[in-house]
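This is what each chain is made of:
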Amino acid sequence: MAKFMILMLVYAACLLLLCVGDGSSEDTGRRIHTLFSVECHNYFDWQTVGLLHSFKKARQPGPITRLLSCTNEEKKNYRGMHLAPTLEVPSMSRHPRTGDWYPAINKPAGIVHWLKHSTDADNVDWVVILDADMIIRGPIIPWELGAEKGKPVAAYYGYLIGCDNILAQLHTKHPELCDKVGGLLAMHIDDLRALAPMWLSKTEEVREDRAHWSTNITGDIYGQGWISEMYGYSFGAAEVGLQHKIYDDLMIYPGYIPREGVEPILLHYGLPFSVGNWSFSKLDHHEDSIVYECGQLFHEPPYPREVQAMAFDPNKRRGLLLSIECINTLNEGLLLQHTTDGCLKPKWSKYLSFLKSRTFAELTRPRYLTHEDMEAKEAIKEQEIVDKPQKPHPKIHTIFSTECTPYFDWQTVGLVHSFHQSGQPGNLTRLLSCTDEDLKQYRGHDLAPTHYVPSMSRHPLTGDWYPAINKPAAVVHWLNHADVDAEFIVILDADMILRAPITPWEFKAARGQPVSTPYEYLIGCDNELAKMHTRNPDACDKVGGVIIMHIDDLQQFALLWLHKTEEVRADKAHYATNFTGDIYSSGWISEMYGYSFGAAEMNLRHIINREILIYPGYVPEPGAKYRVFHYGLEFGVGNWSFDKANWRDTDVVNKCWAKFPEPPDPSTVDRTDDNIMQRDLLSIECAKALNEALYLHHKKRNCPNPGSISTSNWDARKEIGSSRKFGKLEGTDSVRSSPVRIKHSQESSPDASDGLFGSLRAWVVALWVFSGLGFLAFMCMVFSRRKSKATKSKSYKNRRKYSYSGLLNTGGRDRPPNSVDASL
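Residues numbered from 1 in each chain as written. Predicted model: local features only at pLDDT ≥ 70, side-chain atom pairs only at ≥ 80, totals over all residues. Heavy atoms only, no water.

Considerations on the overall build of the protein
A tally of helices and strands in the protein yields 26 helices and 24 strands. The buried share among the 824 residues of the protein stands at 50%. Surface summary for the protein: the accessible area is close to 41,500 Å², and the carbon and sulfur share equals 55%. (Helix = DSSP H or I, 4+ residues; strand = E, 2+ residues; numbered from the N terminus. Buried < 20%, exposed > 50% of the residue type's maximum accessible area, 1.4 Å probe, protein only. Areas by Shrake-Rupley, 256 points an atom, 1.4 Å probe, with all protein chains shown as cover.)

Description of the state of the cysteines
Across all of its chains, the model carries six disulfides by this definition. Note on cysteine connectivity: C163 is disulfide-linked to C178, with sulfurs 2.0 Å apart. Torsion about the S-S bond of the C163 and C178 cystine: about -45 degrees, corresponding to left-handed handedness. Taken as a pair, C163 in the loop between β6 (153-156) and α5 (166-171) and C178 in the loop between α5 and β7 (181-188) lie far apart in primary sequence, 15 residues in all. In terms of burial, C163 and C178 fall into one category: buried. One disulfide in the model links C404 with C434; its S-S distance is 1.6 Å. Classification of the bridge connecting C404 and C434 rests on its S-S torsion, roughly 75 degrees, and on that basis the disulfide is right-handed. With a gap of 30 residues between them, C404 in the loop between β13 (396-403) and α14 (406-422) and C434 in strand β14 (residues 427-434) connect regions that are remote in the sequence. A relative accessible area of 9% places C434 in the buried class. Disulfide connectivity for the protein, with bonded cysteines indexed by sequence position, reads 1-2, 3-4, 5-6, 7-8, 9-10, 11-12. (Disulfide = S-S within 2.5 Å.)

A closer look at the packing of helix α6 (residues 189-208) against helix α8 (residues 228-239)
As a packed pair, α6 and α8 sit with axes 7 Å apart at the nearest point and diverge in direction by 130 degrees. What the angle tells us is that α6 and α8 run oblique. α6 and α8 meet at a crossing whose hand is right-handed. Contact residues: α6 offers L195, M198, W199, K202, T203, V206 and R207, while α8 offers S228, E229, Y231, G232, Y233, F235, G236, A237 and E239. Per-class residue counts for the contact of α6 with α8 are eight nonpolar, four polar and four charged. (Axes fitted to C-alpha atoms, helices over the stretch in contact; angles between N-to-C directions. Parallel < 35°, antiparallel > 145°, perpendicular 65-115°, else oblique. Left-handed = near helix turned anticlockwise from the far one by under 90°. Contact = heavy atoms within 4.5 Å. Nonpolar A, V, L, I, M, F, W, Y, C, P; charged D, E, K, R; others polar.)

As for helix α21 (residues 674-700)
The end-to-end C-alpha distance of α21 is 38 Å, a good match for the 39 Å that 27 residues give at a rise of 1.5 Å each. For α21, the side-chain oxygen to backbone nitrogen distance between the N-cap and N675 is 2.9 Å, and the N-cap itself is D673. Note on α21: the residue one or two positions beyond its end, N702, has a positive phi of about 60 degrees. (Expected span 1.5 Å × (residues − 1). Polar contact = N/O pair within 3.5 Å; in protein donor to acceptor, adjacent residues only side chain to side chain.)

So, the pattern of salt bridges
In this structure the tally under the stated criterion is 37 salt bridges. Within the structure, one salt-bridge network assembled from shared partners comprises R137, E263, E325 and R367. (Salt bridge = Lys/Arg side-chain N within 4 Å of Asp/Glu carboxyl O.)

Side note on the sheet that holds strand β18 (residues 515-518)
Pairing in this open sheet of seven strands is mixed, and the strands run β15-β14-β13-β16-β19-β18-β20 from one edge to the other. Each edge of the sheet is formed by a strand with only one pairing partner; in this case those strands are β15 (450-454) and β20 (607-608). Pairing analysis gives seven bridges linking β13 to β14, with the strands arranged parallel. Pairing of T402 across the sheet is with L432, part of β14. Along the sheet, α14 makes contact with β13, β14 and β16 (488-493), crossing β13 at roughly 165 degrees. Contacts between helix α18 (residues 551-570) and the sheet are confined to β16 and β19 (543-550), with β19 contributing the most and set at about 135 degrees to the helix. (Pairing = 2+ DSSP bridges.)

Quick look at the sheet that holds strand β4 (residues 126-130)
Sheet architecture is open: seven strands sit in the order β3-β2-β1-β4-β7-β6-β8, paired in mixed fashion. The sheet is open, and its two borders are formed by β3 (86-90) and β8 (245-247), each paired with just one other strand. Neighbour-to-neighbour, the strand axes of this sheet turn through a mean angle of 25 degrees, independent of strand direction. Note that β4 and β7 share four bridges and pair antiparallel.

As for the pairing of β6
The two faces of a sheet get side chains in turn, since along a regular strand they alternate between them. The sheet contact formed by β6 and β7 spans four bridges and is antiparallel. When the sheet's bridge partners are listed, A154 is paired in β7 with L185.

Brief notes about the packing of helix α2 (residues 42-57) against helix α10 (residues 314-340)
Where α2 meets α10, the closest approach of the two axes is 8 Å, and the angle between their N-to-C directions is 95 degrees. Put simply, α2 runs roughly perpendicular to α10. Residues W46, V49, G50, H53, S54 and K57 of α2 pack against T329, L330, E332, G333, L334, L336 and Q337 of α10. Residues of the contact of α2 with α10, tallied by class, amount to five nonpolar, six polar and two charged.

Overview of empty space enclosed by the protein
Enumeration over the complete set of coordinates arrives at six cavities of 30 Å³ or more. As a volume, the second largest cavity reaches approximately 80 Å³. Lining the second largest cavity, in full, are S54, K57, A58, I135, I136, R137, E325, T329, T364, R365 and P366. Elements with a contribution of two residues or more to the lining of the second largest cavity: α2, β5 (134-136) and α10. In terms of residue class, the lining of the second largest cavity is made up of four nonpolar, three polar and four charged. (1 Å grid on protein atoms, 1.4 Å probe; cavity = no way out; pocket = protein on both sides within 12 Å on 5 of 7 lines; lining within 4 Å. Points joined across faces, edges and corners; volume = space filled by probe spheres on them.)

Considering the environment of P518
Relative to the assigned elements, P518 resides in strand β18. Taking the C-alpha atoms as reference, P518 lies 9.8 Å from E611; in sequence the two are 93 residues apart.

Quick word on unusual backbone geometry
Despite not being glycine, S585 has its phi angle at roughly 50 degrees, a positive value. Topologically, S585 is positioned in the loop between α19 (577-580) and α20 (590-601). You can call S585 partly exposed: its relative accessible area is 32%. With a phi angle near 60 degrees, N702 is a residue other than glycine that sits in the positive phi range. Within the secondary structure, N702 is located in the loop between α21 and α22 (711-725).

A short note on the side chain of T580
Within the element layout of this structure, T580 appears in helix α19. Polar contacts involving the side chain of T580 include one to the main-chain carbonyl oxygen of Y575, which spans 3.5 Å. Ignoring sequence-local partners within four residues, the contact set of T580 consists of Y521, L522, I523, G524, L529, H574, Y575, I589 and Y593.

So, the pairing of β15
Most of β15 sits inside the fold, with four of its five residues counted as buried. Regarding the hand of the β-α-β motif, the stretch spanning β14, helix α15 (residues 436-441) and β15 is right-handed. (Right-handed = clockwise from strand over helix to strand, strands pointing away.)

Focus on the nonpolar core
Ranked by internal contacts, the top residues of the largest apolar core, which has 73 residues, are W410, L492 and F642. With nine residues, α21 is the largest single contributor of residues to this core. Those residues in contact with L492 that lie beyond four places of it in its chain are T398, I399, F400, S401, L415, K471, L498, I502, G545 and V546. Core analysis: the second largest hydrophobic core is formed by 69 residues, L250, Y269, F273 and I324 among them. (Core = buried A, V, L, I, M, F, W, Y, C linked by side-chain atoms within 4.5 Å.)

Things to note about the side chain of H188
Summarising the element assignment, H188 is placed in strand β7. For H188, a relative accessible area of 15% translates into the label buried. Reaching out from H188, the side chain makes a polar contact with the backbone nitrogen of D190 at a distance of 3.1 Å. Residues contacting H188, with those up to four places away along its chain left out, are D125, W126 and K149.

In structure tokens form, the structure reads like this:
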């Protein structure tokens, strides 16, 4: 019996060892470690609390480590060492070699430090790298998402255009391997060991390449090298031969709409977002010590049942629910952190009750994704691309603002002509600001589809003379009075020539993300001017000229644009050039600051594109295909020059065949310097486009061939006809007070009744003449019976000829020739 028991014990021990052995082999290669990088600031502390809370809530496997970059001075006053498992990392915010201030470099530097100094790095197989401003919604398991050794999984960052251009060619030997990725990274530890030092080195290299910081090369909307670390990663990965499995649906920015059937497992709240009237931007909480203030939470968002009623489209509704889930998870984490830190139990509120409810727990339960799920979704997406018809582009409406002067009329002719030549989609509307007196004398009604706007050149409250305010005032008036069915609005200035279409889909404009062109001289965005006139000076973009904006944004923004313009204009104490960049120090660019400060107030951050607009006379960027000429400044080629200000009081629109001095022939341009040659060719193209527009305008007006009739006489007759035709405007107040009634989609056309009236008048005159001739003939017969028949006939013919010539002369005085009448 004893022997039997011994045998049974040995057998059991063998089974136990076998099971343990199976379990260890099952776990081999499956150890995960999550990393994120922060600095010693309150700004990162509340993000840390949110990420750590979501990490636990999502049941992410393995440990997590915060890589905390601090200077010795910062560490003395730092309060957040207890917020997360932490590895302290020497700060590289101020580069030890170059002195460059660039905190983003701490991310690759921190990972290099962790690999060298942490024992955890020796006991892990897979690493997940996140940003602090993220909320995890479900476990991120690399092998479940399809990651392999040599093939990390990552989220897509489409704006890293440097992977496709000269930037990649300069900074990696394998530009073809450059992947536009970031945000979420999941890779094997061996890949990270090979990549990390290259990531750091390439970040330094790209950061120092100031010659290629511009937006058209990097895609960085600020054009200041801020995303060098992202390129450091992509170029470093290309250099060591890593090729990513890129999934577009793993991560979403709150405020964006998820694709149908997609369940993202990461929320990246790096951009402002809103739900109804509620909004959130992390930059508003840069100095917020909310982690250390008991009972303090972020402003509560709408409740789920309220969100359900905000959108009929199910995907839009899911997008809104993801937005409130993000902030609610952040607040839940803060609430628990306050409890951990010994704060007293907060007073009951409906919102706190919701955060602790089963409903919220159910809404935020962990989401699980596998490689099979991702592959299936990618296959569906590819099939949709093949099978689904191309989604129609959104409607566009282009607008520009002018006044009732000859100066704006010739600019209008140029812009309207170029609009049609360029193939710009959608409709065009001129916002015409006029006083009642100006409108009585105005002759350019038919130059463009027009929306009439009361002039604010002389401010109705302050009496300030500032015509530039008409631009935002006109946009506000148009939005309030016209039926606008377009999704995107393109706003131009009158002194522009379109060379090619400007479309929101090409330049990535979106709701909450307008597109514009750089106005670097708006230095007030960087100084106390912005601090005085907006609560969000960090969001002030130096932009203007061309604006592409979603209609929803414009409807919220336009009135703020007008108010901020009035505010900056009234701030005479800060007109000086060193505050505004205005060389005249006269507050003339207040409207431009009104735009930038108004957009900052709403946290509208622009995509700034340098390849949309060029001033003639400037040297173009190599390879740039500019869409717009902005001839706001004097430019010239050789001895020829053009300055729009010299033509302020000249009426070249109503004088037949008037035009601007012809520029030189392109064949005469000096070709020894390619930059100068391209500059001059563009200048010539702009001037020729203006003259071509004027020529076609005069031709459309049926101007006579030069020399066939006195131009001045023709213009005088045209003026008489025009004043008669538009005379009804003087006594029709409804035309001015209710411009929305005007059909803006059509140009002015001659009154159809003119032709009928003219025809009837001709018949009446002919009948009167016939009666008169009959009476004369009868009298001649009575008093000249004794004359011969031949004499009578001759006398009758002479009188008939004389009478008809008198008729023609009379008709010529009463009514212009048909050709002239048709052109009015």
